[in-house]
Amino acid sequence: MFAEENGLHGDPRIKAISDAIRVVPHFPKPGIMFQDITTLLLDLKAFRYAVDIFVDRYRDKQISVVAGVEARGFIFGPPIALAIGAKFVPLRKPRKLPGEVISEAYVLEYGTDCLEMHVGAVQPGESVLIVDDLVATGGTLSAAIRLLERAGAEVVECACVIGLPLVKGNWRLNGVPLYVLVEPRLDDLECTL
Amino acid sequence: MLKISLGFHKCIRHLPSGNSEISLKLLTSFTPPVKQPTGALCFYPSSAAARTVKRFSNMAASNSDHNQGYTVAKDDRISRISSSIRVIPDFPKPGIIFQDITTMLLDPVAFRDTIDLFVERYKEKNISVVAGVEARGFIFGPPIALAIGAKFVPMRKPNKLPGAVISEEYSLEYGTDIMEMHVGAVQAGERTLVIDDLIATGGTLVAAIKLLERVGANVVECACVIELPDLKGRDRLGGKPLFVLVSST
């Protein structure tokens, strides 16, 4: 669900967040309008707003784990985890995590990729929030959900700064609700950089 | 001659014997931390006034011993942080002892304390940019940036940042790698911190410093959770000071 349709209707922070995101056309390849959150990170207020909105939503939900998807999920996940007193668990590309890991493959447009999590990072029954900067096809987040469910955790929600419903009106991914602050922009609104 | 890290005022007193006594005072004021520091090396003074940190003679002093004392944190919270870091032998290859900070991230108190120690040091220092090195620098940099009111600037592997970037090549043990930063992210004269989880040889941090200096930023300090002092990365930072929480030999 979009934040604006879920309690934050008319909240000026949503527009501030959206305006702070830079759209870079044709990156990484022609036709893709890349939603660049690095300009959000340069906007002190807007970055703070994004974290605050997530923290306010998840603070009282007994979430004990925030799992962030490498690499931009590492930027948004830890501030949320710290504020709500949860563990932070990085979900990484292959061969980055030392020691014992579980791996989950997922499909890309061309080929496959793999997401890994440490064995023992998450206990069965823990309530987990997954965080990434953006949800597109949902492939990465689906892999993340599968990893956490294989460890016996319950994924409460997936939270992203930017996203769209996966198929019209469908805000669930493998049964897990998606919470998104802003939708992708297609224009080239003047931005910081 | 002793090398003194930035942030201290060096007072030299010439003694009648002909030796010199050197004392160092922390000049900046901090809001008092919750826990009082213990031990002779008082890195987090409890009062806002300047306070003598340590005295030593320059007679038989060795630079490295005294240097390290000032830029490795001393605080009651350090032992919990240090114990929370997992050591994994032979990763990523035989002979390397890997310092795994993910276990510290699983201890909310240790993770919170880690961030607090950096924030206490850097708030009210007019730092406007925290630059974090991909990927583990992305975990520590943003919470620090948010707490001290600075921008967060990711320093990334090649081809990840969209739009105009500047690139810096740096050496690895075998071969080279490239680090990139967005054009326009940092303005000339901005006071900047560079953050990563660990400093080994210092190659990555040097690349980050170079990128920032190429756009005219003022790199005030490099900060890492862990230092591997035997690899002497500290000495390779072009004179930039280094602050770490844990030193691992």
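Residues numbered from 1 in each chain as written. Chains lettered and ligands numbered in written order. Predicted model: local features only at pLDDT ≥ 70, side-chain atom pairs only at ≥ 80, totals over all residues. Heavy atoms only, no water.

## As for the side chain of glutamate 168 of chain B
Structurally, the position occupied by glutamate 168 of chain B is in strand 8 (residues 165–171). Non-local contacts of glutamate 168 of chain B, meaning those with residues more than four positions away in its chain, are made with Asp177, Ile178, Met179, Ala207, Lys210, Leu211 and Arg214 of chain B. (Helix = DSSP H or I, 4+ residues; strand = E, 2+ residues; numbered from the N terminus. Contact = heavy atoms within 4.5 Å.)

## Considering the sheet that holds strand 10 (residues 176–182) of chain A
Residues and elements named next belong to chain A. An order of 4-3-7-8-10-9 is seen for the six strands of this open sheet, with the pairing classed as mixed. Each edge of the open sheet is held by one strand with a lone partner, namely strand 4 (87–91) and strand 9 (172–173). Here strand 3 (residues 65–69) runs beside strand 4; their pairing, made up of five bridges, is parallel. Bridge assignment links glycine 68 to a residue of strand 4, and that residue is proline 90. In the packing of helix 1 (residues 12–20) onto the sheet, contacts are made with strand 8 (154–163) and strand 10, and the angle to strand 10 comes to roughly 80°. Most of the contacts of helix 5 (residues 139–150) go to strand 7 (residues 127–135), to which it runs at about 165°, and overall it touches strand 3, strand 4, strand 7, strand 8, strand 9 and strand 10. (Pairing = 2+ DSSP bridges. Axes fitted to C-alpha atoms, helices over the stretch in contact; angles between N-to-C directions.)

## Structural notes on the packing of helix 3 (residues 44–58) of chain A against helix 4 (residues 73–84) of chain A
The geometry of a pair of packed helices is captured by two quantities: the angle between their axes and the separation between those axes. Residue and element names in this part refer to chain A. Where helix 3 meets helix 4, the closest approach of the two axes is 9 Å, and the angle between their N-to-C directions is 50°. Judged by the angle between their axes, helix 3 and helix 4 are oblique. Like other packed secondary-structure pairs, helix 3 and helix 4 cross with a definite hand, here right-handed. For the pair helix 3 and helix 4, the contacting residues are Phe47, Val51, Phe54, Val55 and Tyr58 in the first and Ile75, Phe76, Pro79, Ile80, Ala83 and Ile84 in the second. (Parallel < 35°, antiparallel > 145°, perpendicular 65-115°, else oblique. Left-handed = near helix turned anticlockwise from the far one by under 90°.)

## A short note on the pattern of salt bridges
Residue and element names in this part refer to chain A. Scanning the model with the defined rule gives 27 salt bridges over all chains in all. Where arginine 13 meets aspartate 11, a salt bridge forms, and the shortest distance between an N and an O atom there is 2.9 Å. The buried category is assigned to aspartate 11, whose relative accessible area is 15%. One salt bridge connects aspartate 56 with arginine 59, and the closest N-O pair in it is separated by 2.9 Å. Residues joined in a network through salt bridges with shared partners are Glu70, Arg92 and Lys96. (Salt bridge = Lys/Arg side-chain N within 4 Å of Asp/Glu carboxyl O. Buried < 20%, exposed > 50% of the residue type's maximum accessible area, 1.4 Å probe, protein only.)

## Examining the interface of chain B and chain A
Between chain B and chain A, the contact holds 36 residues from the first and 35 residues from the second. Joining chain B to chain A, the criterion identifies zero salt bridges. Between chain B and chain A we count seven residue pairs in polar contact (both at pLDDT 80 or more) in total. For the side of chain B that touches chain A, the secondary structure elements donating two or more residues are strand 4 (86–89), strand 5 (97–100), helix 3 (102–105), helix 4 (108–122), helix 5 (137–148) and strand 7 (151–155) of chain B. Of the residues forming the side of chain B that touches chain A, the biggest block, five residues, is contributed by helix 5 of chain B. Here the residues of the side of chain B that touches chain A sort into 22 nonpolar, six polar and eight charged. (Polar contact = N/O pair within 3.5 Å; in protein donor to acceptor, adjacent residues only side chain to side chain. Nonpolar A, V, L, I, M, F, W, Y, C, P; charged D, E, K, R; others polar.)

## Points about the sheet that holds strand 6 (residues 129–133) of chain B
Residue and element names in this part refer to chain B. A sheet is described by the order of its strands in space; here five strands give the open sequence 7-6-10-11-12, paired in parallel fashion. Bordering the open sheet on either side are strand 7 and strand 12 (242–247), each of which pairs with just one other strand. Ignoring which end each strand starts from, the neighbouring axes of this sheet average 20° apart. The pairing of strand 11 (residues 218–227) with strand 12 spans five bridges and is classified as parallel. Across the sheet, glutamate 227 pairs through a bridge with serine 247, a residue of strand 12. Each of strand 6, strand 7, strand 10 (191–199), strand 11 and strand 12 is contacted by helix 6 (residues 203–214), which is oriented at about 165° to strand 10, the strand it contacts most.

## Thoughts on the nonpolar core
Ranked by internal contacts, the top residues of the largest apolar core, which has 73 residues, are Leu181 of chain A together with Phe140 of chain B. Per-element tally for this core: the top contributor is helix 3 of chain A, with eight residues. Excluding anything up to four places from it in sequence, leucine 181 of chain A contacts Ala3, Ile14, Ile17, Ala50, Ile53, Phe54, Cys160 and Val161 of chain A. If you look at the next biggest cluster of nonpolar residues, it comprises 31 residues, including Leu115, Ala143, Cys158 and Leu178 of chain A. (Core = buried A, V, L, I, M, F, W, Y, C linked by side-chain atoms within 4.5 Å.)

## As for the environment of isoleucine 80 of chain A
Residues and elements named next belong to chain A. For isoleucine 80, the location among the structural elements is in helix 4. Here isoleucine 80 falls in the buried class, since its relative accessible area comes to 0%. With 77 residues separating them in the primary sequence, isoleucine 80 and alanine 3 have C-alpha atoms 16 Å apart. Isoleucine 80 has contacts with Phe54, Val55, Val66, Leu129 and Val131, leaving out every residue within four places of it along the chain.

## Some remarks on the state of the cysteines
Simply put, disulfide is the name for a covalent bond between the sulfur atoms of two cysteines. Residues and elements named next belong to chain B. As enumerated under the stated definition, the model contains zero disulfides over all chains in all. As a non-bridged cysteine, cysteine 222 has cysteine 224 as the owner of its nearest cysteine sulfur, 6.8 Å distant. By relative accessible area, cysteine 224 is classed as buried at 0%. (Disulfide = S-S within 2.5 Å.)

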